[in-house]
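# Structural characterization, general
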Amino acid sequence: MKKFLLLGVFTFTMFTISAQTKKWTLQDCVVYALENNISVKQSELDVANTALEKSDAVGNFLPSINANANVSKNTGLGVNPTTNQLENRVFLSASGGVNLGYTLFDGLRNIRQVQRAEISQLASQYRLDKMKDDIALFVANSYLQVLLNKANLEVILTQNTVTKEQIKRTEELVEAGSLPRGDLLEIQASDASELQQIAVAENAVQISLISLAQLLLIKDYANFDIADDDYNIINEDIANTPIDTLIESAKENRQEINIAESDVSLAEKDVQLAKGALLPTLNAFFGYDTRYSDADITKTFNEQLYLNDGIGYGLSLNIPILNGFSARNNVSRSKINLERSQLQLEQAQLDLESNVYQAMVDVRGSKKAYEAAQTAFASQELAYQYAKDRYEVGLTNAFDFSQSKVRYDNANIEINRTKYDYIFKLKVLELYFGVDPTQLKF
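Note that the coordinates shown come from a computational prediction; the quantities given were computed from them, not determined experimentally.

## Some remarks on the sheet that holds strand 1 (residues 64–74)
Taken in spatial order, the four strands of this open sheet run 1-4-5-6, and their pairing is antiparallel. Edge positions in the sheet fall to strand 1 and strand 6 (310–318), since each has one partner strand and no second. Within the sheet, the average angular offset between the axes of one strand and its neighbour, ignoring direction, is 20°. Judged from the nine bridges that link them, strand 5 (residues 281–293) and strand 6 form a sheet pairing that is antiparallel. By the bridge assignment for strand 6, Phe-285 is matched with Gly-314.

Right, here's the structure in full:
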């Protein structure tokens, strides 16, 4: 028994440690967000609700069947249901029946309602897919922000290590009389400034991690962390894709257009439904009724049910003639809504083209910024190394060396910023091109 208990404790402990040390990849974050995000779950409920709407529309093609039963006791003057005569006595009576109704023609509204429900279900799925695309992009952006903050922290930590080495070297040179004490104070001031920057950078990392965890609905902020992979820039070829090709692909794959097109289809069905109200409605009905009363003592219960039953059936035609203009006004309203939906579709197409153009411009601009940052960094790196060499042999003072180091650090941080900005802009372009959000590669 003790062995089993120890095994259980060991297993639980290992599971807890594993959970605490898990490093979340971008793929993990995107998949988890799509499975657990509240907005996604709400949209999934909307899709389920439209399935019920379709079931309601299909159910309109089925006949309506209703049964009724009634039992009453009469005291004094009352109508005997079996003789239909007034009797002044106490008697117990019962009646029951079954009624069936079926719509033979209703201006094709039942058919249109099924078609509308199918379009509505498809539109809900489009909205769900769009929400997943948006959430995947939010997660990617938040994830890249964490990576950027971590990269910036690493730059400052690395440079602070160099600063501390310089402090030791400067102390030796000051003691040897090769450098004035002011140079040591300058380097120590740089170290204090860098320590402050490290604290700010560490705080930025924690805040961005908390923001990502909140986006994923993960409450264990203390143990949440992402994989420290070095994400490279890949799939740059998409930036060279002709803009017309990107626009056509976006029109085929982006849900904004699908949603707008489905709204037009829904508006068209609403016009047809409204017009159906101007047509006659033809219904068929069938009814069976029977009754019993204990006032008739000459017949048994079963005999009375048999002798007192009746059947009724027929057709009912309803022709709309005047309804206060409501039916015709509904048609006009539906047509106005259809025209509005068509304009919204045109606007969605224009917006999509504009967004694709903007995404392409953003990609090309961020690429140029990244390349410029690389060039600047290369220059600052040479300048920093030159200043470092001159400082170590006493040909420059600590202030000039510190300024060169600051410029070098800033250039390194700018490379990180432009790199992850370029990666994110590429991912936006890929989504417009139709890449599945869970298949975005970094």
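## Topic: the confidence of the model for the protein chain
Across the protein chain, the average pLDDT comes to 83, with 92% of residues at 70 or higher. Under a pLDDT of 50 for its full length, residues 1–20 has, in the predicted model, one contact with residues more than four places off or in other chains.

## Let's talk about the packing of helix 2 (residues 26–36) against helix 4 (residues 109–175)
Remark: helix 2 packs on helix 4, axes separated minimally by 9 Å, with the N-to-C direction vectors making an angle of 140°. Seen along the crossing, helix 2 lies across helix 4 with a hand that is right-handed. Contacts between helix 2 and helix 4 involve Leu-26, Cys-29, Val-30, Ala-33 and Leu-34 from the first element and Lys-132, Ile-135, Ala-136, Val-139, Ala-140 and Tyr-143 from the second.

## Here we look at the packing of aromatic side chains
The final tally for this structure, using the stated rule, is six aromatic pairs. With centroids separated by 5.1 Å and ring planes inclined at 85°, the aromatic side chains of Trp-24 and Tyr-32 adopt a geometry described as edge-to-face. Overall, the relative accessible area of 12% leaves Trp-24 in the buried class. Ring geometry for Trp-24 against Phe-224: centres 5.8 Å apart, planes inclined by 50°, an arrangement best described as tilted. Taken together, the positions of Trp-24 in the loop between helix 1 (2–20) and helix 2 and Phe-224 in the loop between helix 5 (181–215) and helix 6 (243–253) put the pair 200 residues apart, joining distant regions of the chain. With respect to burial, Trp-24 and Phe-224 carry one shared label: buried. An aromatic cluster is present here, built from Trp-24, Tyr-32 and Phe-224 joined pairwise through their rings. Over the aromatic face of Trp-24 sits the side chain of Lys-22, whose NZ or CZ is 3.9 Å from the ring centroid.

The rules behind the values
- Residues numbered from 1 in each chain as written.
- Predicted model: local features only at pLDDT ≥ 70, side-chain atom pairs only at ≥ 80, totals over all residues.
- Heavy atoms only, no water.
- Pairing = 2+ DSSP bridges.
- Helix = DSSP H or I, 4+ residues; strand = E, 2+ residues; numbered from the N terminus.
- Axes fitted to C-alpha atoms, helices over the stretch in contact; angles between N-to-C directions.
- pLDDT = per-residue confidence, 0-100.
- Contact = heavy atoms within 4.5 Å.
- Left-handed = near helix turned anticlockwise from the far one by under 90°.
- Phe/Tyr/Trp six-rings, centres within 6.5 Å; stacked < 30°, edge-to-face > 60°.
- Buried < 20%, exposed > 50% of the residue type's maximum accessible area, 1.4 Å probe, protein only.
- Lys NZ or Arg CZ within 6 Å of the ring centre and 35° of its normal.

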